[in-house]
Amino acid sequence: MGRITREIQNAPLPEMIKSLGIGIAEAQRALDRVSMELAKELVNTKVEMGGEEYSLLALGFTPTFYQFVDTFFECKMSVSMMESREFGASVSVSAGFNVGFAAVSASVSASYSQKYQYSAEASSLVRTKLVTVPNPPVFEQRLQAMIQNELDSQRPNNDSNTSS
């Protein structure tokens, strides 16, 4: 049993959990980068409407932000060890008599066998949930200000007509 306990203790569970956490953090960073790149693309993509040119961002298109909210890690391990010993012996004796002679023969056979069986099985399951989240509040404020500035710059200057 000591050997089985050592096998279980040697399982790299802390390393697997650490790798999972780092993987999620790197994936989250990549998702954030994609959303920010999409925001830049929405600013730089212009559409003409009614003789005026607007960015997709000014028209209300916004990037989608995602976040990992639940991650489950499940690991199952089964270790078994079996040892068996077999002993066997057989004896055979044969005798023959003839007048004045006797022949006797004996055969002895012994066998010993020791078998070890060891099996280890493991399975793991990682399940994560990815959801959309609202734009960050500061991004939303800057976005609204940028949209307003773009819309204001597209309007004809009415101040010069009213100040005469």
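Here, residues in each chain are numbered from 1, in the same order as that chain's written sequence. Residue-level local features of this predicted model are given only where pLDDT is at least 70; pairs of side-chain atoms are given and counted only at 80 or more, and the full residue set underlies all totals for whole chains, interfaces and linings. Side-chain measures were taken over the full set of non-hydrogen atoms in the model, leaving aside hydrogen atoms and water.

Caption draft 1: Examining the overall build of the protein chain more closely. Comment: elements are numbered from the N terminus, with helices defined as DSSP H or I runs of at least four residues and strands as E runs of at least two. Along the backbone of the protein chain there are four helices and four strands. Moving toward the C terminus, one meets the helices and strands of the protein chain in the order α-α-β-β-β-β-α-α. Remark: exposure states derive from per-residue accessible area (1.4 Å probe, protein chains only) relative to the maximum for the residue type, with buried under 20%, exposed over 50%, and partly exposed in between. Per-residue burial over the protein chain gives 11% buried out of 164 residues. Only the protein chains shown count as cover for residues, with accessible areas throughout obtained via the Shrake-Rupley method and a probe of 1.4 Å. Total accessible area computed for the protein chain in this model is approximately 12,900 Å², and 55% of it derives from carbon and sulfur atoms.

Caption draft 2: Looking closely at the pattern of salt bridges. In the sections that follow, a salt bridge refers to a side-chain nitrogen of Lys or Arg positioned within 4 Å of a carboxyl oxygen of Asp or Glu. Applying the stated criterion across every chain, the model contains one salt bridge. Residues Glu-37 and Lys-40 are paired through a salt bridge, measuring 3.5 Å at the closest nitrogen-oxygen approach. Highlighted residues: Glu-37 and Lys-40, both in helix α2 (residues 13-44), separated by three residues, approximately one helical turn.

Caption draft 3: Structural view of the nonpolar core. Counting residues in hydrophobic clusters, the biggest one holds eight residues: Ala-39, Leu-42, Leu-56, Leu-57, Phe-65, Phe-139, Leu-143 and Ile-147. For this analysis, residues touch if any pair of their heavy atoms sits within 4.5 Å. Here Ala-39 is in contact with Leu-57, Pro-63 and Phe-139, once residues within four sequence places are set aside. Nine residue types can take part in a nonpolar core, namely buried Ala, Val, Leu, Ile, Met, Phe, Trp, Tyr and Cys, and a core is a set of them joined through side-chain atoms within 4.5 Å.

Caption draft 4: Quick look at the side chain of Ser-55. For Ser-55, the position within the fold is in strand β2 (residues 52-55). Residues within four places of Ser-55 in sequence aside, it is in contact with Leu-42, Val-43, Thr-45, Lys-46 and Glu-150.

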